[in-house]
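Working through the structure, step by step
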Amino acid sequence: MGVQENGNGIAGGKNKYKRMDSDALEEDIVLSNNLQDQEGVFVEKRDTRIYLLACAIFASLNSVLLGYDVGVMSGAILFIKEDLKISEVQEEVLVGILSIISLLGSLAGGKMSDAIGRKWTIAFATFVFQSGAAIMALAPSFTILMTGRLLAGVGIGFGIMIAPVYIAEISPSAVRGSLTSFPEIFINIGILLGYISNYAFSGLPVHINWRVMLGIGILPSILMGVALFVIPESPRWLVGQNRIEEARAVLSKTNDSEKEAEERLAEIQLAADLANSEKHEAKAVWQELLKPSPAVRKMLITGCGIQCFQQITGIDATVYYSPTIFKDAGIKSETHLLAATVAVGFTKTIFILIAIFLIDKVGRKPLLYISTIGMTVSLLSLSLTLSFMSDEKFGIELAILSVCANVAFFSVGIGPICWVLSSEIFPQRLRAQASALGAVGSRVSSGAVSMSFLSVSAAITVGGTFFVFSLISALSVAFVHTCVPETKGKSLEQIEMMFQNEGELQRDEVELGDVEVQRLVQKE
């Protein structure tokens with residue numbers, strides 16, 4: 001009996017082990033399939049990120065043109081003046097006209113991008129700039145040079161307005177902040193490339209070197225032309241044109257899963273339905289911007305306000321006139337002036353790159369606090385240094401440190417974030433033209449600061465001018481606290497809902513769920 005039990009036990013044991021082996025095999029198969037699925041998802045996510053990154057880079061190439069023009073013209077103008085025998089007034093007009101004329105491109109860009117699409121507006125901007133750059137490079141006289149400059153300015157105006165809008169509309173909320181900051185980063189890269197071009201071609205004959213410097217600016221726009229065969233149209237614009245299947249195809253390429261793509265498509269369609277509702281059909285876009293509802297008014301204050309504060313805190317004066325600042329601090333040697341200026345440019349570029357990694361992790365509003373408070377302290381330090389410690393060794397070192405700190409705080413916060421916010425807070429029906437309005441504010445503020453800095457400094461001293469900038473920067477801290485919500489991790493449709501509800505705007509850390517969205521939609 002014991003033997004029988006043993007036999008049963010052994011037999012049972014055999015059956016048991018067989019079953020265990022079978023179960024283990026099944027588990028191994030399931031685990032293997034899961035690992036393969038996970039690996040497939042990982043590869044798919046990686047491919048999606050690479051595709052999004054490529055789209056953001058290609059769309060930002062027009063921003064390189066703006067930066068390159070600013071950087072290269074600072075050196076090329078010396079040779080243009082010598083070659084074409086232009087006067088100082090003509091020199092000032094040639095240099096300063098870009099910011100003014102780019103307003104035309106930015107204003108027209110919103111309406112054009114709504115009519116022909118974001119992608120083809122980028123293409124148009126590229127073509128216009130290429131035409132202007134070619135004319136400038138071949139110009140035999142000041143008149144023709146100005147004609148090319150005007151065309152290039154219009155092209156840049158289109159480009160800097162549409163790039164953040166396109167990137168914001170194509171990007172998932174998790175990476176939208178980082179990708180939408182690319183245009184600001186590429187402006188800085190363009191400035192550095194302009195300086196490099198000046199150095200590289202300055203040894204050529206005077207009647208050739210400045211033409212080569214300006215002509216090199218065509219290269220990024222040629223790459224942009226090639227990129228048009230790669231990048232897709234904005235899915236939100238496609239939905240607005242009732243091209244749903246095309247929008248679905250784009251979303252499937254820019255999201256990690258088909259489920260996520262369908263969810264985003266549903267959100268976009270919902271927002272588009274609201275935009276096309278009877279409430280909005282009766283109002284033209286510009287009429288709605290000029291006579292805004294309370295929600296749109298809050299959006300305009302936030303979007304246009306942050307654009308203006310970005311410039312009126314004096315960043316252009318700090319960057320473009322840094323040799324004047326350092327000379328006022330007591331640096332006499334031109335070599336030392338150049339070295340200090342290079343340090344400023346290097347610092348600005350490094351911290352704009354750092355902003356990419358922080359903007360979607362830390363959030364917009366915390367970085368804006370760090371940026372505006374840091375700029376206020378840096379500008380006040382620079383003002384006091386220039387006023388009371390000029391020509392002293394410690395004063396010179398503190399002035400260099402203050403300027404570098406100012407551009408660092410600018411680049412890690414308000415520099416890129418102002419473009420991110422202005423491209424993501426407006427609803428679909430207003431986004432392009434409202435962003436264009438914000439770009440106009442930025443260009444006007446930039447022109448006002450850069451064209452008045454020397455005369456204001458002559459009247460109240462350089463130190464006094466930076467004291468005024470520090471006061472304006474302090475106001476920007478209050479503006480961020482009062483008017484800017486946190487948009488990290490929210491879809492563009494959820495952000496629109498935040499402005500529709502005053503309570504949500506004040507409690508901007510609270511995420512809007514599906515229930516809240518449905519409730520607000522029913523209320524509409």
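Residues numbered from 1 in each chain as written. Predicted model: local features only at pLDDT ≥ 70, side-chain atom pairs only at ≥ 80, totals over all residues. Heavy atoms only, no water.

Operational definition: UniProt positions are given in the numbering used here, feature names are shortened, and annotations may be inferred rather than shown by experiment.
You'll find the chain entered in an unreviewed UniProt entry as Major facilitator superfamily (MFS) profile domain-containing protein, with Populus tomentosa given as the organism. Under Sequence similarities (unreviewed entry), UniProt gives the following word-for-word description of the chain: "Belongs to the major facilitator superfamily. Sugar transporter (TC 2.A.1.1) family." Quoted verbatim from the Subcellular location (unreviewed entry) field of UniProt, the annotation for the chain is "Membrane".

Thoughts on the overall build of the chain
Where we set the bar: The helix count covers DSSP runs of H or I at least four residues long, the strand count covers runs of E at least two residues long, and both are numbered beginning at the N terminus. Here, two residues are considered to be in contact whenever any of their heavy atoms come within 4.5 Å of each other. In these tables, accessible area is a Shrake-Rupley quantity obtained with a 1.4 Å probe, and a residue counts as shielded only by the protein chains included in the view.
When its secondary structure is counted, the chain shows 25 helices and 0 strands. A fraction of 79% describes how many contacts in the chain between residues 6 or more apart in sequence connect residues 24 or more apart. If you sum the accessible surface of the chain, you get close to 23200 Å²; carbon and sulfur atoms cover 66% of it.

With respect to the side chain of Ser 371
Operational definition: Three exposure classes are used, based on accessible area relative to the maximum for each residue type with a 1.4 Å probe and protein chains only: buried under 20%, partly exposed in between, and exposed over 50%.
Along the polypeptide, Ser 371 turns up in helix α19 (residues 364-388). Overall, the relative accessible area of 0% leaves Ser 371 in the buried class. In contact with Ser 371, not counting residues within four places along its chain, are Phe 409, Phe 410, Gly 413 and Ile 414.

Some details on the environment of Ile 196
Tracing the chain through its elements places Ile 196 in helix α7 (residues 182-201). Owing to a relative accessible area of 54%, Ile 196 belongs among the exposed residues under this scheme. With 128 residues separating them in the primary sequence, Ile 196 and Tyr 68 have C-alpha atoms 9.8 Å apart.

Section: the pattern of salt bridges
Put simply, the rule is: Salt bridges are defined by distance alone: a side-chain nitrogen of Lys or Arg within 4 Å of a carboxyl oxygen of Asp or Glu.
Taken as a whole and assessed by the stated rule, the structure comprises 6 salt bridges. Notably, a salt bridge pairs Arg 248 with Glu 245, separated by 2.5 Å at the nearest N-O pair. Here Glu 245 and Arg 248 lie together in helix α11 (residues 244-254), a separation of 3 residues that amounts to about one turn. By sharing partners, the salt bridges in this structure join Asp 114, Arg 118 and Glu 169 into a single network.

Focus on the packing of helix α20 (residues 393-412) against helix α21 (residues 414-424)
Using the following cut-off: Note on geometry: axes are C-alpha line fits, over the in-contact stretch for helices, and angles between N-to-C directions span 0 to 180 degrees. For classification purposes, angles smaller than 35 degrees are called roughly parallel, those larger than 145 roughly antiparallel, those between 65 and 115 roughly perpendicular, and all remaining angles oblique. Any residue that is not Ala, Val, Leu, Ile, Met, Phe, Trp, Tyr, Cys, Pro, Asp, Glu, Lys or Arg is counted as polar, Gly included; the first ten are nonpolar and the last four charged.
Contact geometry for α20 and α21: axes closest at 4 Å, N-to-C directions at 25°. By the angle between their axes, α20 is roughly parallel relative to α21. Within the contact between the two elements, α20 uses Phe 409, Phe 410 and Ser 411 and α21 uses Ile 414, Gly 415 and Pro 416. Here the residues of the contact of α20 with α21 sort into 4 nonpolar, 2 polar and no charged.

Things to note about the packing of aromatic side chains
Definition in use: Two rings belonging to Phe, Tyr or Trp (six-membered ring only in the last case) form a pair when the distance between their centres is within 6.5 Å. Interplanar angles under 30 degrees mark stacking, angles over 60 mark edge-to-face geometry, and anything in between is tilted.
As enumerated under the stated definition, the model contains 4 aromatic pairs in all. With a centroid separation of 6.0 Å and an interplanar angle of 25°, the aromatic rings of Phe 182 and Phe 186 are classed as stacked. Of this pair, Phe 182 and Phe 186 both sit in helix α7, 4 residues apart, which is roughly one turn of the helix. The exposure classification of Phe 182 matches that of Phe 186, with both residues buried. Seen in terms of ring centroids, Phe 466 and Phe 469 are 5.5 Å apart; in terms of plane orientation they differ by 75°. Their pairing is edge-to-face. In this pair, Phe 466 and Phe 469 are both assigned in helix α22 (residues 428-483), 3 residues apart and thus about one turn of the helix distant.

As for the environment of Ile 370
Residue position: Ile 370 is located in helix α19. Judged by relative accessible area, which is 44%, Ile 370 ranks as partly exposed. It is 9.3 Å that separates the C-alpha atoms of Ile 370 and Ile 414, two residues lying 44 residues apart in sequence.

Things to note about the nonpolar core
Threshold: Throughout, nonpolar core names a set of buried Ala, Val, Leu, Ile, Met, Phe, Trp, Tyr and Cys residues whose side chains join them through atoms within 4.5 Å.
One finds Tyr 166, Ile 306, Ile 325, Leu 368, Phe 453 and Phe 466 to be the most contacted residues of the largest nonpolar core, which totals 90 residues. Ranked by the residues each element gives to this core, the list is headed by α22, at 11 residues. With near-sequence residues (within four places) excluded, Ile 306 lies in contact with Ile 301, Leu 368, Ile 414, Cys 418, Leu 421, Phe 479 and Val 480.

Observations concerning α7
Selection rule: For a helix, the expected span equals 1.5 Å multiplied by the residue count minus one.
Between its first and last C-alpha atoms α7 spans 28 Å; for 20 residues at 1.5 Å apiece the expected length is 28 Å, and the two agree. Where α7 is concerned, the buried positions are Phe 182, Pro 183, Glu 184, Ile 185, Phe 186, Ile 187, Asn 188, Gly 190, Ile 191, Gly 194, Ser 197 and Asn 198.

Some words on the confidence of the model for the chain
For clarity, the cut-off: Each residue carries a pLDDT score, the predictor's own confidence in it, on a scale running from 0 to 100.
Taken as a whole, the chain shows an average pLDDT of 77; of its residues, 81% reach a score of 70 or greater. Predicted confidence in the chain is weakest over helix α25 (residues 514-523), with a mean pLDDT of 43, and strongest over α19, with 93. Contacts for the low-pLDDT stretch residues 1-22, under 50 throughout, to residues beyond four places or in other chains number 2 contacts. Predicted confidence is poor over residues 278-282, with pLDDT under 50, and the contacts of this stretch with residues over four places away or in other chains come to 7 contacts.

Considering the side chain of Arg 149
Counting through the fold element by element, Arg 149 comes out in helix α5 (residues 142-170). The residues touching Arg 149, leaving out its near neighbours within four places in the chain, are Asp 69, Met 73, Leu 94, Val 95, Ile 97, Leu 98 and Met 136.

Re a nonpolar patch on the surface
Quick reminder of the rule: For patches, a residue must show more than 30% relative accessible area and have no salt bridge; joins then use 9 Å for like charges and 5 Å for nonpolar side chains, namely Val, Leu, Ile, Met, Phe, Trp and Tyr.
A cluster of nonpolar residues, Phe 346, Ile 350, Phe 351, Leu 353 and Ile 354, forms a patch on the protein surface that exposes about 410 Å² of accessible area. For Ile 350, the position within the fold is in helix α18 (residues 334-358). A relative accessible area of 33% means that Ile 350 is categorised as partly exposed.

Some points on unusual backbone geometry
With the exception of glycine, the majority of residues adopt a negative phi angle, and the majority of peptide bonds are in the trans configuration. The phi angle at Asn 242 is positive, at roughly 65°, despite the residue not being glycine. Among the secondary structure elements, Asn 242 is positioned in the loop between α10 (235-240) and α11. Residue classification places Asn 242 among the exposed residues on the basis of a relative accessible area of 62%. For Thr 461, which is not glycine, the phi torsion reads 75° and is therefore positive. Relative to the assigned elements, Thr 461 resides in helix α22.

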